[in-house]
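Summary of structural features
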Amino acid sequence: MNKTLSILPAVILLGGCAGSGNTFGGLDGGTGMGGSIVKMAVESQCRAELNKRSEWRLTALAMSAEKQAEWENKICACVAQEAPERMTGSDVMQMLNPSTRNQALAALTVKTVSACFKRLYR
């Protein structure tokens, strides 16, 4: 995880050079190298965020281990897909700064986990 976060700024900047006119080198649509790195980082943080949420813990109690893993995979796949699309310019700038990178990634993950959980678990 730490290695992924340490190369994130370089990938975002390089993605901007290789972009085909998309905002932030393709991060707005989740395509390109920058979007892929964000997806990987957010997906790995998604499971930790889910386990912090009381609604997920209560829901998971009623599921078998297989069902719980299946739902975790669904929710975190949704999060990984949507997170780059939800990034703002401010989020990108915070991810470029090593001192604010973890907070920006956590905030983006929290917003996206909430949206995906509500949408998928109706």
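All of these numbers come straight from a predicted model, not from anything done at the bench.

The rules behind the values
- Residues numbered from 1 in each chain as written.
- Predicted model: local features only at pLDDT ≥ 70, side-chain atom pairs only at ≥ 80, totals over all residues.
- Heavy atoms only, no water.
- Helix = DSSP H or I, 4+ residues; strand = E, 2+ residues; numbered from the N terminus.
- Buried < 20%, exposed > 50% of the residue type's maximum accessible area, 1.4 Å probe, protein only.
- Areas by Shrake-Rupley, 256 points an atom, 1.4 Å probe, with all protein chains shown as cover.
- Disulfide = S-S within 2.5 Å.

**Observations concerning the overall build of the chain**
- A count of helical and extended segments in the chain gives six helices and zero strands.
- Within the chain, the fraction of its 122 residues that count as buried is 41%.
- Surface summary for the chain: the accessible area is close to 6600 Å², and the carbon and sulfur share equals 58%.

**Structural notes on the state of the cysteines**
- As enumerated under the stated definition, the model contains two disulfides in all.
- Two residues share a disulfide in this structure: Cys 46 and Cys 76, whose sulfurs sit 2.2 Å from each other. Around the S-S axis, the bridge from Cys 46 to Cys 76 shows a dihedral of about -85 degrees and counts as left-handed. Note that Cys 46 is positioned in helix H2 (residues 32–52) and Cys 76 in helix H4 (residues 65–86), a separation of 30 residues in sequence.
- Under the relative-accessibility criterion, Cys 46 is labelled buried at 0%.
- For Cys 78, the disulfide goes to Cys 116, at an S-S distance of 2.0 Å. In this structure the cystine formed by Cys 78 and Cys 116 twists about its S-S bond by roughly -75 degrees; its chirality is therefore left-handed. Of this pair, Cys 78 sits in helix H4 while Cys 116 sits in helix H6 (residues 101–120); the two residues are 38 residues apart in sequence, bridging distant segments of the chain. Of the two residues examined, Cys 78 and Cys 116, each falls in the buried class.

Note that all results are geometric; they support no functional claim without further evidence.
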